[in-house]
Amino acid sequence: MKSTIHNDVFLKTLNHQSTPYTPVWMMRQAGRYLPEYRESRKNAGSFLELCKNTEFATEVTMQPLDRYPLLDAAILFSDILTVPDAMGLGLHFVDGEGPKFHKPLLDEKSVQKLDVPDVENDLAYVFDAVKSIKKSLDGRVPLIGFAGSPWTLATYMIEGQGGTGFLNIKKMLYTRPDLIHHILKITAESVSLYLAKQIEAGVDVVMIFDSWGGVLTHEEYETHSLNYMKVIIANLNLMGFENIPKIIFSKGGGQWIDKQAKSGADALGIDWQTNLGEARKIVNDKIVLQGNLDPAILLSTPKAIKEAVRKVLDSYGHGEGHIFNLGHGITQFTPPENVECMLEEIRNYSKKFHAGN
Ligand code: CP3
């Protein structure tokens, strides 16, 4: 049974209903910029332990909400790379270097061996975290669940790490497209099951992070990134989750908004390079937009932050259908008080864009 959500402004926006102000949450809202997060991470011993331990995952998910009452949504504390980890690739984090896999997909043999994991058991720690977070939230705000897009997951699975310039995956794409499609197909199936289980455990909304869709060529974006996100959306609908709002976010994907709008998603993440007002014109209010403040602005002054917040809200303009967010994750160097300043400005300045205000 669905429990009541006290602050449902985020859900109302996703459902094209009118709200008194523009809702907001931040990508990576629980993270290293918060001293309380750094403390929890120290106590847990590692980032992965934070994700895998129910109490720690709940504690860090709640931290930004406890600090900032103006946030309108919580996001599950986890990582997109839990799925390839469950597939047996051996995820680990090297300090200062980000995620790495012990067994990346380097050759045809390793690709052929890849299979859909036992999602229910191998990722049980994620669903346990969802249940515990929902209890802790007690209906305060909705909870967002998430996964990586098949293309973005494949980049890490083939490169074995980030920051390699995508040369291995692109070489495979141009020499053995069959192998890439095999990986994307298995991954899309895995992510569909993973998100379905998150929904069953209690998440109210799901988001697919396509952090690297933007490195593809015009044609390949559709065939290798967008189409597999569409498969996931269609699978979730077939499994009976039509009413769970679905958000997709292709970073660097601003030139394909028309195509994204026809994906079946309820909302599109917009990065900071894209003009939000132009994006709205393209989607013609048929789909909700989420974004798009440059996260680096939060390193500046209250005056510059307030101006930048107003520019984003002005750019979207009057009416419903906008969820305020950053154009990508908050950086670890953000002073926490700058977030407060951003949130207050969004709440105050956005009221005039909504009916009844
Ligand atoms: O938004 C949230 O608050 C929820 C938590 C969340 C994390 N990762 C926690 C995290 C979410 C939604 C993600 C998604 C994620 N993970 C993406 C997609 C979004 C994006 O940023 O493009 C990607 C590509 C990853 C893979 C990943 N995880 C990378 C590249 C890194 C290292 C980069 C970095 O910022 O250090 C991580 C680690 C990670 N995931 C951290 C957090 C809080 C930092 C870990 C730490 O404490 O050291």
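Anyway, here's the lowdown on the structure attached to this text. (Residues numbered from 1 in each chain as written. Predicted model: local features only at pLDDT ≥ 70, side-chain atom pairs only at ≥ 80, totals over all residues. Heavy atoms only, no water.)

### Some points on the site of the ligand
- Taken together, the neighbourhood of the ligand is formed by 22 residues, with Arg28, Arg32, Tyr37, Arg41 and Ser211 sitting nearest.
- Contacts to the ligand include Arg28, whose backbone N or O atom sits 2.6 Å from an oxygen atom.
- The contact in question runs from an oxygen atom of the ligand to an N or O atom on the side chain of Arg32, over 2.5 Å.
- Burial of the ligand by the protein amounts to 88% of the accessible area it has alone, namely 860 Å².
- Looking at the shell around the ligand residue by residue, the class counts come to 14 nonpolar, four polar and four charged. (Near = heavy atom within 4 Å. Polar contact = N/O pair within 3.5 Å; in protein donor to acceptor, adjacent residues only side chain to side chain. Areas by Shrake-Rupley, 256 points an atom, 1.4 Å probe, with all protein chains shown as cover. Nonpolar A, V, L, I, M, F, W, Y, C, P; charged D, E, K, R; others polar.)

### With respect to helix α9 (residues 150–159)
- Judged by how many residues are buried, α9 sits mostly within the fold: 10 of 10 residues are covered.
- Of the residues making up α9, those classed as buried are Pro150, Trp151, Thr152, Leu153, Ala154, Thr155, Tyr156, Met157, Ile158 and Glu159.
- Directly beyond the C-terminal end of α9, a positive phi value near 85 degrees is found at Gly160. (Buried < 20%, exposed > 50% of the residue type's maximum accessible area, 1.4 Å probe, protein only. Helix = DSSP H or I, 4+ residues; strand = E, 2+ residues; numbered from the N terminus.)

### Some remarks on the packing of helix α2 (residues 35–44) against helix α4 (residues 54–67)
- Between α2 and α4, whose axes approach to 10 Å, the crossing angle comes to 170 degrees. One way to sum up the angle between α2 and α4 is to call them roughly antiparallel. Taken together, the residues of α4 that come into contact with α2 (itself represented by Pro35, Glu36, Tyr37, Ser40, Asn43 and Ala44) are Phe56, Glu59, Val60, Gln63 and Arg67.
- For the contact of α2 with α4, the class distribution of residues is five nonpolar, three polar and three charged. (Axes fitted to C-alpha atoms, helices over the stretch in contact; angles between N-to-C directions. Parallel < 35°, antiparallel > 145°, perpendicular 65-115°, else oblique. Contact = heavy atoms within 4.5 Å.)

### Considerations on the packing of α4 against helix α8 (residues 124–137)
- Running from amino to carboxyl end, α4 crosses α8 at an angle of 45 degrees, the nearest separation of the two axes being 9 Å. As summarised for this structure, α4 and α8 are arranged oblique, according to the angle between their axes. For the element pair α4 and α8, the recorded crossing hand is right-handed. Contact residues: Thr54, Ala57, Thr58, Thr61, Met62 and Leu65 in α4; Asp128, Ala129, Ser132, Ile133, Ser136 and Leu137 in α8.
- Considering only residue class, the contact of α4 with α8 consists of six nonpolar, five polar and one charged. (Left-handed = near helix turned anticlockwise from the far one by under 90°.)

### Details of the sheet that holds strand β8 (residues 288–293)
- Pairing is parallel across the open sheet formed by seven strands, whose spatial order is β1-β4-β5-β6-β7-β8-β9. In the strand order of this sheet, the two ends are held by β1 (74–75) and β9 (322–326), each with one partner.
- Two elements, strand β4 (residues 143–148) and strand β5 (residues 205–210), share five bridges in a ladder whose sense is parallel. If you follow Ala147 over to β5, its bridge partner there is Ile208. (Pairing = 2+ DSSP bridges.)

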